[in-house]
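Residue strings, one per chain:
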Amino acid sequence: MSYERSDGRAANELRAVKITPHYLPHAEGSALIEVGQTRVLCVATVEEKLPPHLRNQRGRGWVTAEYAMLPRATSQRTPRETGRGGLSGRTHEIQRLIGRSMRSIVKMKALGERTVTLDCDVLQADGGTRTAAITGAYVAMALACRQLLTRGKISQNPITTELAAVSVGIVGETPLLDLKYDEDSAAEVDMNLVCTGDGRFIEVQGTAEGAPFSRAELDQLLALGGAGIEQLIQMQRLALAQPAVGA
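Residues numbered from 1 in each chain as written. Predicted model: local features only at pLDDT ≥ 70, side-chain atom pairs only at ≥ 80, totals over all residues. Heavy atoms only, no water.

A. Expanded view of helix α1 (residues 89-103). Taking 1.5 Å as the rise per residue, α1 with 15 residues should run 21 Å; its terminal C-alpha atoms sit 21 Å apart, in good agreement. All buried positions along α1 are accounted for by Thr-91, Ile-94, Gln-95, Leu-97, Ile-98, Gly-99, Ser-101 and Met-102. Elements that come into contact with the buried residues of α1 comprise β4 (62-69), β5 (115-124), α3 (129-150), β6 (163-171), β8 (189-196) and β9 (201-208). (Helix = DSSP H or I, 4+ residues; strand = E, 2+ residues; numbered from the N terminus. Expected span 1.5 Å × (residues − 1). Buried < 20%, exposed > 50% of the residue type's maximum accessible area, 1.4 Å probe, protein only. Contact = heavy atoms within 4.5 Å.)

B. Looking closely at the environment of Cys-145. Along the chain, Cys-145 turns up in helix α3. When the C-alpha atoms of Cys-145 and Val-46 are compared, they prove to be 9.0 Å apart, with 99 residues separating the residues in sequence. Setting aside anything within four residues of it in sequence, one finds Cys-145 in contact with Ile-154, Asn-157, Pro-158 and Ile-159.

C. Looking closely at unusual backbone geometry. Notably, His-22 is not glycine yet its phi reads approximately 55°, a positive angle. With respect to the element layout, His-22 can be found in the loop between β1 (17-21) and β2 (29-35). Among the residues examined, His-22 registers a relative accessible area of 27% and is labelled partly exposed. Even without being glycine, Glu-173 reaches a positive phi, approximately 65°. Here Glu-173 is to be found in the loop between β6 and β7 (174-177).

D. Here's a closer look at the pattern of salt bridges. Using the criterion set out here, one finds 15 salt bridges in the structure. Across the salt bridge formed by Arg-9 and Glu-183, the nearest N and O atoms sit 3.5 Å from each other. Here the residue Arg-9 occupies a position in the segment before β1, and Glu-183 occupies one in helix α4 (residues 181-184), the gap between them amounting to 174 residues. On the accessibility criterion, Arg-9 (9% relative accessible area) is buried. Residue Arg-200 is joined to Asp-198 by a salt bridge in which the shortest nitrogen-to-oxygen separation is 3.0 Å. By sharing partners, the salt bridges in this structure join Arg-5, Asp-7, Arg-9, Arg-15, Asp-178 and Glu-183 into a single network. (Salt bridge = Lys/Arg side-chain N within 4 Å of Asp/Glu carboxyl O.)

Here it is in C-alpha cells:
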C-alpha cells in the first residue's frame, strides 16, 4: 500500500507553484515564489564593485547569496539570528548552497566587475524553503541580467543555462516528490536536487534518516526529481515572459 499524502497529491506531483516576477519595484530583479504554503521572496541586487577577496582580480564578477527566515514564518516565533550571536550552521549551509548553485551557471567574466547579491527571505515555511529559494533566485538573477543588458552595461547574458531545485524523499516506503513539512520530518530518506534546464546535476544532497537506501531507490528519486525540475523550469520561463508593471 502506497503512502497517502496529507494534501492528497500523487507521489510524483508538485505542490501548487506560483512565481510572481518584478515583486519589488526598486530591485534589479525580484520574484516571489510560492510552493504550496512555502513562500520565499528572492531579490537580486547589482552593485558596481567586487567583494574584498576579488579586488585584485580584475575583469570578472561575483554572485553571492543571503538566506533568512522571518520570525513567524513557522507556527511558533523563531528569534532572529542577528539577536542570537550570528547565523546558525543551517543558514550558512543554505546560503552557500544558493550561492554556489547560481555561480555554476554564470560566466563571471561576462558579468563584469560587479557583484550580484541574491537575498532569499522565507515569509512562510512548510518544507522545501532552500529549493524554493534556488528556483526563485534564478528568476531574480535572470531579471537582473536582463536589466544589465538593456542598459548596455554588459554585452552578453552571463547566464549559461536555466536552474531549478526540488526535494524528493522516501516516506512510508514510498518515493515522493516535493516534500512538505510533515513529510520531510517523517522521511526515511531526504534529498535535495539542484539541476540545470538540460538535466545536468549541480548538487545532490541525500541522507538516509533511517535505514540505508539502495541504488535502485536512488535512481528512482533522481528520476522523480528530474521530472519535477522540468516542470519548474517551464514555470520559470512563464514568469520571465511576464512584462514588468508599466513596461
